Amino acid sequence: MLRTMVHNKLLLALVTLSVLTLSYCGSAATQQAVITIDPTVSYQTMTGWEATAQAGQLAETNAITGKSNLNPAFQNYKNQLFDQAVSDLGLTRVRLELLSGCENPVGYFSQYLNGQISYQTYKQNRYLTINDNADPQVINPNGFQFGEIDFVIDNLLLPLKQRLEARGEKLYINLNYVEFLASSFEHKEFPEEYAEYMLAAFLHLQAKYGWVPDAIELALEPDNANFTGVQLGRVLLATGNRLRANGFNPDFVAPSTTCMDHAAEWFDGLNSIAGARQFLTEISYHRYCGVSDQSLQAISDRAVQFGLNTSHLELIGANYRDLHKDLTLGRNSAWAQYTLSYTINDGGDNGGQYYVIDDNNPNAPQVIIGSRTKLLRQYFKYVRPQAIRIKATSTQTSLVDPVAFMNADGKFVTVVKTDASASFAVQGLPAGTYGIKYTTLTQYDVDVADVTITSGQAVNTAIPGPGVLTVYGKTASATASVDAASYTRAVAPGQIVAAFGTGFPAGTNISASATSTPLATKLGGVSVRINNTLAPLFFVGVGRGFGEGAFQINYQLPYEIQPGLASLTVLNNDVPVIQGHLIVSASAPGVFTISASGKGQAVALNQDSSLNGNPAENPQAKPETRGRSLVLFANGPGSKFVNPANGQALTPVTGAPPASGSTLFATATTPYVTIGGVPANVLFSGLTPGLVGLWQLNITIPANAPTGTAVPVKIWQNGRLTNTTTIAIN
């Protein structure tokens, strides 16, 4: 959302804040409460904490300067801002706004940035849409001006992306279409033209940066931009089909209505367009009006009914109370207040930004965390992408209201909202060490001494006033299951999984491998139970080279296990040794590597069935030639397969290789593959005949792919990205 909308929204936000503030008055005596965590009941999976890519980077002057209109202070505060946003606050998702006026032969933003026109002139033209040509199937590159999103990517997204990747995390980029002024030509009236616009943007970003956005938010506040729900459905159907035909499979987010009570209605309109909902990932809304538990419940009910995520994505002044309700009643997987930052003279600490920049002295600007952000941080910092919300109850919900998660690394987090000073016990947590941090309305970032508990013990703690307290695991479960290809925590039904841990009696030494298929569910007396299903085993190793009491067990995650939180029990002669949990995703792609580390040269065969690779490192390997095919071996495509001959759905058998004969098990969706950043044609994607759980991808090396002994390969499956591996090309 751009600044022209800020002030009207701020009035609404201030009224809301004044009402909420009344509940803070007075005090209450400290009371005892018991919070119970139940990981057997799980809800939504988190995708990230979002901010709009606005950091006060422009001076926004109405004068024609004849020079760059970049805020002179920006270079002096940007690194501190980005460091804090990623490492301290925990943002992982960004809204990248794509204005409707980027389809125009004139680049008004570039003219403004270079001081050729005033900010006012730019504002008057930023939504002015001029069709590139009369044929939506033919893109005229001269009809699109992407200078504005390039500027935002270069100055904000890339620095954030680099910082998150250094932490082993990923920046989720949400491309948001924005149009608030009428033009003689409008994308919403012509679904195929809207689809062409998005394809042009994706092709531009792929060519310039080597990546594409993770999601498209169909329209910002359609109820404020004369966009109907039916129109959203039509552009979604056209865009989903157009992008899929060109190898792109982003998430789609809608309707992002200004009023919460409009979201269900606009979604229903979208859903009335046959075939549109197949592309939708997330039901989104704003909180500027129509806010009620009834409206929030209607959004949540539709998400559950149709298997979708939900997200709150804007409210100037949004606070931790809004967040807590959106996470619990609204089942949000993503949440945003508004922008990353504004300068202090653009509204001050009004909750329209996570950070306020005092740039009155451009040479020494200050980055100031927002007052509302301090409390939001209690959630953001500790609940990470792919965390699953689990059941948490309180004996005194009106005073002590919890929400709990298990992160992808196996660590548990409990965030407790309190309306007064309170003491409470958190029970049901796994054994381990827990950190405790709280922020109240008057105290910020207070650490309480760590607590170490054994199985069955509770974490006892207290908070001295109304605010938020977070109990976060510092140690993970004694067992961890990872993708056997990439060694990341992500796993999916049917995946080949490696479990590591400790807990066997001292002196136990076992080494047993599967010798036939279907795979047995017990080797050397050891078995693995996922929920109530025994997993087929490839290998069991206990003791010896693994360490006293330690183990490695390679198993196939049963296809019957549904995405969500699953329990894992390792048994020795049917007696439980260790218990833990794992997060199961719909797909969790990973590529096998020669080093068996998830890094470096991929396990791949050239067209003549020879091993692909650098002969200087492996005399048995050789590069493949551009234009020829290559076979990659991977893991974790999920459980949905079809017969490529007729499209009929197929169900593989857990622990057994695909059925013999001519029937192939192809993945229901074709992955998107790049080689050296160039899209590659996927000839086949499916299970390898004769082997259990192994994913095979037959791809053609693009004629314009780069050459070398370590050309990077990336695979996206259902929006999830594999580990980056390499192949050799000559």
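Residues numbered from 1 in each chain as written. Predicted model: local features only at pLDDT ≥ 70, side-chain atom pairs only at ≥ 80, totals over all residues. Heavy atoms only, no water.

### Describing the overall build of the protein
Working step 1: Along its length, the protein carries eleven helices and 42 strands.
Working step 2: Taking 27 Å as the expected radius of gyration for a compact globule of 730 residues, we find that the protein reaches 27 Å, a close match to that expectation.
Working step 3: Across its three principal directions, the C-alpha atoms of the protein cover 75 × 70 × 50 Å.
Working step 4: Considering the protein as a whole, with its 730 residues, one finds that 58% of them fall into the buried category.
Working step 5: Once local pairs closer than 6 in sequence are excluded, the contacts in the protein between residues at least 24 apart make up 69%.
Working step 6: Summed over all atoms, the accessible surface of the protein reaches about 27300 Å², with 51% contributed by carbon and sulfur.
Working step 7: In the protein, which carries 45 positive and 51 negative side-chain charges, the distance between the mean positions of the two groups comes to 6 Å. (Helix = DSSP H or I, 4+ residues; strand = E, 2+ residues; numbered from the N terminus. Rg over C-alpha atoms; globule rule 2.2 N^0.38 Å. Buried < 20%, exposed > 50% of the residue type's maximum accessible area, 1.4 Å probe, protein only. Contact = heavy atoms within 4.5 Å. Areas by Shrake-Rupley, 256 points an atom, 1.4 Å probe, with all protein chains shown as cover. Lys, Arg positive; Asp, Glu negative; His and termini not counted. Charge placed at Lys NZ, Arg CZ, Asp CG, Glu CD.)

### Regarding the sheet that holds strand E1 (residues 32-45)
Working step 1: Spatially, E17-E16-E19-E14-E13-E12-E1-E15-E18 is the arrangement adopted by the nine strands of the open sheet, whose pairing is mixed. Because the sheet does not close on itself, it has two edges, and the strands there are strand E17 (446-453) and strand E18 (459-463). Between one strand axis and the next, the sheet turns by 25° as a mean value, whatever way the strands run.
Working step 2: In terms of strand pairing, strand E12 (residues 388-394) meets strand E13 (residues 400-406) through three bridges, oriented antiparallel. Bridge assignment links Arg-389 to a residue of E13, and that residue is Phe-405.
Working step 3: Across the face of the sheet, helix H11 (residues 371-380) comes into contact with E13, strand E14 (412-418), strand E16 (432-440) and strand E19 (467-473) while running at roughly 160° to E16. (Pairing = 2+ DSSP bridges. Axes fitted to C-alpha atoms, helices over the stretch in contact; angles between N-to-C directions.)

### Considerations on helix H10 (residues 320-328)
Working step 1: Most of H10 is tucked away, with seven of its nine residues classed as buried.
Working step 2: Here H10 starts with a cap whose side-chain oxygen sits 2.9 Å from the backbone nitrogen of Arg-321, and that cap is Asn-319. (Polar contact = N/O pair within 3.5 Å; in protein donor to acceptor, adjacent residues only side chain to side chain.)

### Topic: the sheet that holds strand E28 (residues 575-584)
Working step 1: Spatial ordering of the open sheet is given by E24-E23-E27-E28, a layout of four strands whose pairing is antiparallel. Of all strands in the sheet, those with a lone pairing partner are strand E24 (533-534) and E28, marking the two edges.
Working step 2: Where strand E23 (residues 526-530) and E24 come together, two bridges link them in antiparallel fashion. Bridge assignment links Ile-530 to a residue of E24, and that residue is Thr-533.

### Structural notes on the state of the cysteines
Working step 1: Applying the stated criterion across every chain, the model contains one disulfide.
Working step 2: The disulfide partner of Cys-259 is Cys-289, and the S-S distance across this bridge is 1.8 Å. When the S-S torsion is -70°, as for the bridge of Cys-259 with Cys-289, the disulfide is left-handed. Taken together, the positions of Cys-259 in strand E6 (residues 251-259) and Cys-289 in strand E7 (residues 282-289) put the pair 30 residues apart, joining distant regions of the chain. (Disulfide = S-S within 2.5 Å.)

### Some words on the pattern of salt bridges
Working step 1: Counted according to the given criterion, the structure contains 26 salt bridges.
Working step 2: The partner of Arg-93 in a salt bridge is Glu-50, with the nearest N and O atoms 2.5 Å apart. Within this pair, whereas Arg-93 is found in strand E3 (residues 93-99), its partner Glu-50 is found in strand E2 (residues 48-52), the two being separated by 43 residues in sequence.
Working step 3: Given a relative accessible area of 0%, Arg-93 falls into the buried group. (Salt bridge = Lys/Arg side-chain N within 4 Å of Asp/Glu carboxyl O.)

### Observations regarding the confidence of the model for the protein
Working step 1: When the pLDDT values of the protein are averaged, the result is 92; 95% of them are 70 or greater.
Working step 2: This stretch, residues 1-29, has a pLDDT under 50; its non-local contacts, to residues over four places away or in other chains, come to 42 contacts. (pLDDT = per-residue confidence, 0-100.)

### Re the pairing of strand E39 (residues 695-700)
Working step 1: Of all six residues in E39, five are buried, a share of seventy percent or more.
Working step 2: Relative to E39, strand E33 (residues 629-635) is paired through six bridges, and the arrangement is antiparallel. Following the sheet pairing, Val-631 is matched in E39 by Asn-698.
Working step 3: In the sheet, strand E38 (residues 678-687) pairs with E39 via six bridges, with the strands oriented antiparallel.

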